Amino acid sequence: TLGQDVLGRHTYLLNLGSSQYAENINWSATYINDVWHPTLAMGMGQNTFTLNRGEVRERANNFSLVGSLPLGQRHLLSLNYTLEAREDLSEEKNADYELGGDFSYLQFGYRYNFSRHYPYSVSPEHGRSIGFAIRHYSSALGGDFNEWLFTGDARAYLNNPLFHNHVFALRLTGAFALGPDYKEKFYLGGEQGASIFSVQTARVYPLRGFLQNSESGTGLFGAYLEYRFPIWHIERGIWTLPIYFERLHMALFCDAANTFGNGSEKDIEAVLERMIGRIRGIQASGGAEMRMSLDLGWQIPVTLRLGLALPFASKGKLINDPEMVTYFNLGTGF
């Protein structure tokens, strides 16, 4: 649930829920103050991180302070402090996962966004966005270790001039650490998307057709390509029920990504060498998704996804006998 005053200067958000594999109650509470520049936000909560269908579970209690400053209409600067206490809840401990500990960091971020969305669009149709962040984990801020982490994300949307609302969408993303400690890990796999009912965590990146597995690294790179197009502009509700169906659309996709780094890298050259080696061992998949865009309560947008994914490359080699994966999920990856 959420609430806001008439001028939009004070906003609160409260969230309570769980998931199939979490086996814990997840909650969060956020307050946003938009009286001054920059916009200030404070949040706290508890979330359970899961891998391998719940075999690996980690509970995180977190607190964060965020300041964000828009520059013009397309640029955004942000500064945030986060303190997170993680606890390993896995029934069987696994040496492949380094879970638990106190994580505390200060992060500076920048984002440029110039993308356009129209009434009959199935996604942004024109434009691009790019963002990066520099994060410093520090024991002086309340954590257990010291580490520098760099992340980046670029997206582009190109309209097909031959058909209305047909879009090529591209996302390139990556992250790498430069020590001196290497505690934060990234994981690949799954079909998770971002929506009001689901969370796309910063540590797990989607790779449709592959299960979330133990392959991890201190760095990650990924490329996601989709061709999106409408099938039916429904624009109808059901009597006076608080649900409104907007449109049925489809996406053809190809995902390629991998993790790299094990904490032994001493400088940027070693990080790049490790990353290039892992590019040759790429994991890739392709498939199609049927999507339904609808509004709940007449104002909350939700996208339902029914997908088929075929993993066709692993460790840089074609898979001889790939198995088709069927899934249902909420939200979209980008």
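Rules used in this analysis
Residues numbered from 1 in each chain as written. Predicted model: local features only at pLDDT ≥ 70, side-chain atom pairs only at ≥ 80, totals over all residues. Heavy atoms only, no water. Helix = DSSP H or I, 4+ residues; strand = E, 2+ residues; numbered from the N terminus. Rg over C-alpha atoms; globule rule 2.2 N^0.38 Å. Buried < 20%, exposed > 50% of the residue type's maximum accessible area, 1.4 Å probe, protein only. Contact = heavy atoms within 4.5 Å. Areas by Shrake-Rupley, 256 points an atom, 1.4 Å probe, with all protein chains shown as cover. Pairing = 2+ DSSP bridges. Salt bridge = Lys/Arg side-chain N within 4 Å of Asp/Glu carboxyl O. Patch = residues over 30% accessible without salt bridge, like charges linked within 9 Å, V, L, I, M, F, W, Y side chains within 5 Å. Polar contact = N/O pair within 3.5 Å; in protein donor to acceptor, adjacent residues only side chain to side chain.

(A) Just the overall build of the protein, in detail. The helix and strand tally for the protein stands at one helix and 19 strands. Taken against the 2.2 N^0.38 rule, which gives 20 Å for 334 residues, the C-alpha radius of gyration of the protein at 21 Å falls within 12% of a compact globule. Dimensions of the protein, computed from C-alpha atoms along their principal axes, come out at roughly 55 × 55 × 40 Å. The burial tally for the protein puts 40% of its 334 residues in the buried class. Across the protein, the fraction of contacts at a sequence separation of at least 24, relative to all contacts at a separation of at least 6, is 58%. Counting only carbon and sulfur atoms, one obtains 60% of the accessible surface of the protein, whose full area is about 18200 Å².

(B) Summary view of the pairing of strand β16 (residues 283-296). With respect to burial, β16 is a largely interior element, 10 of its 14 residues being buried. With 14 bridges joining them, strand β15 (residues 243-260) and β16 adopt antiparallel strand pairing. By the bridge assignment for β16, Leu 252 is matched with Ala 288. Of the pairings in the sheet, the one linking β16 to strand β17 (residues 300-314) comprises 13 bridges and is antiparallel in character. Looking at the pairing, Gly 287 lines up with Ala 309 of β17. Hairpin connection from β16 to β17: three residues lie between these consecutive antiparallel strands, with Gly 297 at a positive phi of about 65°.

(C) The environment of Gly 8, seen in detail. Relative to the helices and strands, Gly 8 resides in the loop between β1 (2-4) and β2 (10-17). Overall, Gly 8 belongs to the partly exposed group, its relative accessible area being 21%. Residues Gly 8 and Leu 106 lie 98 residues apart in sequence; the distance between their C-alpha atoms is 28 Å.

(D) Layout of the pattern of salt bridges. Under the definition given, this model contains 16 salt bridges. Where Glu 84 meets Arg 86, a salt bridge forms, and the shortest distance between an N and an O atom there is 2.6 Å. Owing to a relative accessible area of 10%, Arg 86 belongs among the buried residues under this scheme. Among the salt bridges present, the one from Arg 86 reaches Glu 184, with a minimum N-O distance of 3.0 Å.

(E) Structural context of a nonpolar patch on the surface. Where nonpolar side chains cluster on the molecular surface, the patch consists of Leu 79, Leu 106, Phe 108, Phe 132, Ile 134, Leu 141, Trp 148, Leu 178, Ile 268 and Leu 272 and spans about 800 Å² of accessible area. Of all the elements in the fold, those that place two or more residues in the nonpolar patch are β7 (101-116), β8 (126-137) and α1 (268-279). When you line up the elements, Leu 272 lands in helix α1.

(F) Representation of the sheet that holds strand β11 (residues 186-188). Within the open sheet, the three strands sit side by side as β12-β11-β13. Their pairing is mixed. With one partner strand each, in any of the chains shown, β12 (204-205) and β13 (216-217) form the two edges of the open sheet. With two bridges joining them, β11 and β13 adopt antiparallel strand pairing. The residue bridging Tyr 187 from the neighbouring strand is Ser 216, located in β13.

(G) Looking closely at the environment of Lys 315. Its location among the elements puts Lys 315 in the loop between β17 and β18 (317-318). Judged by its relative accessible area of 67%, Lys 315 is exposed. Distance in space between the C-alpha atoms of Lys 315 and Pro 206 is 17 Å, their sequence separation being 109 residues. With residues near it in sequence (within four places) discarded, Lys 315 still touches Arg 280, Gly 281, Ile 282 and Gln 283.

(H) The environment of Ser 138, seen in detail. Tracing the backbone through its elements, the reader meets Ser 138 in the loop between β8 and β9 (147-159). Between the alpha carbons of Ser 138 and Ser 104 there is a distance of 6.2 Å; along the sequence they are 34 residues apart. Sequence-distant contacts of Ser 138, defined by excluding residues within four places in its chain, comprise Ser 104, Gly 143, Phe 145 and Asn 146. A polar atom in the side chain of Ser 138 sits 3.0 Å from the backbone nitrogen of Ala 140.

(I) Structural context of unusual backbone geometry. Pro 38 follows His 37 through a cis peptide bond whose omega is 5°. Relative to the assigned elements, Pro 38 resides in the loop between β3 (26-33) and β4 (39-51). For the peptide bond that leads from Gly 179 to Pro 180, omega is 10°, which places it in the cis range. Summarising the element assignment, Pro 180 is placed in strand β10 (residues 167-180). In this structure, Asn 165 takes a positive phi of about 65° despite not being glycine. Residue placement: Asn 165 occurs in the loop between β9 and β10. Its relative accessible area of 14% is what places Asn 165 among the buried residues. Notably, Glu 235 is not glycine yet its phi reads approximately 50°, a positive angle.

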